[in-house]
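Close look at the chain arrangement
The primary structure of each chain is shown beneath.
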Amino acid sequence: MTATSAAGRPSRRGFSLGDAAREFRRHPSPWMIGGTLVAALAARIAIGDWQPTDALVPLVMLAVFPFVEWTVHVVILHWRPRRFGPLVVDPLLARKHRAHHVDPRDVPLIFIPWQALLWILPAALAVALLAPRLGLGLTFLVCLTAFGLAYEWCHYLIHSDYKPTSAAYRAVWRHHRHHHFRNEHFWFTVTTSGTADRVLGTAPDPDAVPVSPTARNLHGATPGR
């Protein structure tokens, strides 16, 4: 049985991968992404029409995915609310991400909001259907949802009380926690630690970076913090 903290959250001691998996599957985002993955995979197998370009898709997406993570994190999740006349542009994803920085241990806030997935997943399907052939588009959709599910699992695990046991995971864990607890202007990738951030110059020596007063309060948007 997993020990529980006074706040009702599982304590770090004894929190296993099994505990993490049980918590992970209680949230809608993994089910929505996973359901889309299963449907896309079934359709891909049914369509057939395997060609060499299908083998290239996962390789290209694996290389590109850290840069997609970086761009989404910087441009969308760290969006600063902007006023255009009487209209304030402050998307749901940015609002939820600011709340996630305020309390990185609030489990529901770790996941992609299910409301956003209601349009993200259909948009991904629409992109897949624009491919030169249906099989290739479905290969893209399978890879995208597989990477998305891996992202959700990795992000959740980093913010859970699961202790890093491997050097590779420890590096990813430390990388993302620097972003939350040291300085929000660096370390934007989640599933990798030595990829897009290093290429784009946002992976400095942590000891050389001052602790940011707004790491838990993006843009100073929450009064009193």
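Source: prediction; values computed, not measured.

Observations regarding the packing of helix 2 (residues 28-47) against helix 7 (residues 134-159)
Helix packing geometry: the angle between the two helix axes and the distance between the axes. Closest axis-to-axis distance for the helix 2/helix 7 pair is 8 Å, and the angle between their directions is 155 degrees. On the basis of their axis angle, the class for helix 2 and helix 7 is roughly antiparallel. For the pair helix 2 and helix 7, the sense of crossing is left-handed. The segment helix 2 lies against helix 7, with Ser-29, Pro-30, Ile-33, Gly-34, Thr-36, Leu-37, Ala-40, Leu-41, Ala-43, Arg-44 and Ile-47 engaging Leu-134, Gly-135, Leu-138, Thr-139, Leu-141, Val-142, Thr-145, Ala-146, Gly-148, Leu-149 and Glu-152. Among the residues forming the contact of helix 2 with helix 7, the class breakdown is 13 nonpolar, 7 polar and 2 charged.

So, helix 2
Its 20 residues give helix 2 an end-to-end C-alpha distance of 28 Å, which sits within 8% of 28 Å, the value for a rise of 1.5 Å per residue. Those residues of helix 2 lying buried are Ser-29, Pro-30, Ile-33, Gly-34, Leu-37, Ala-40 and Arg-44. Seen from one end, helix 2 has its buried residues packed into an arc of 130 degrees, which puts them on one side. Exposed positions of helix 2 whose direction lies more than 90 degrees from the buried face are Trp-31, Val-38 and Ala-46.

Observations concerning the confidence of the model for the protein chain
Of the residues in the protein chain, 92% have a pLDDT of 70 or more, and the chain-wide mean is 92. Below pLDDT 50 for its whole length, residues 1-8 participates in 11 contacts with residues either more than four positions away or in separate chains.

Overview of the nonpolar core
Tyr-156, Ile-158 and Tyr-169 are the most contacted members of the largest nonpolar core, which has 21 residues in total. Secondary structure elements with two or more residues in this core: helix 1 (17-24), helix 3 (52-77), helix 7 and helix 8 (167-181). Discounting residues that sit within four places of it in the chain, Tyr-169 has contacts with Leu-157, Ile-158, Tyr-162 and Pro-164. Residues Ala-40, Ala-124, Ala-128 and Leu-141 belong to the second largest nonpolar core, which totals 6 residues.

Basis of the calculations
- Residues numbered from 1 in each chain as written.
- Predicted model: local features only at pLDDT ≥ 70, side-chain atom pairs only at ≥ 80, totals over all residues.
- Heavy atoms only, no water.
- Axes fitted to C-alpha atoms, helices over the stretch in contact; angles between N-to-C directions.
- Helix = DSSP H or I, 4+ residues; strand = E, 2+ residues; numbered from the N terminus.
- Parallel < 35°, antiparallel > 145°, perpendicular 65-115°, else oblique.
- Left-handed = near helix turned anticlockwise from the far one by under 90°.
- Contact = heavy atoms within 4.5 Å.
- Nonpolar A, V, L, I, M, F, W, Y, C, P; charged D, E, K, R; others polar.
- Expected span 1.5 Å × (residues − 1).
- Buried < 20%, exposed > 50% of the residue type's maximum accessible area, 1.4 Å probe, protein only.
- Arc of directions from axis to C-beta.
- pLDDT = per-residue confidence, 0-100.
- Core = buried A, V, L, I, M, F, W, Y, C linked by side-chain atoms within 4.5 Å.

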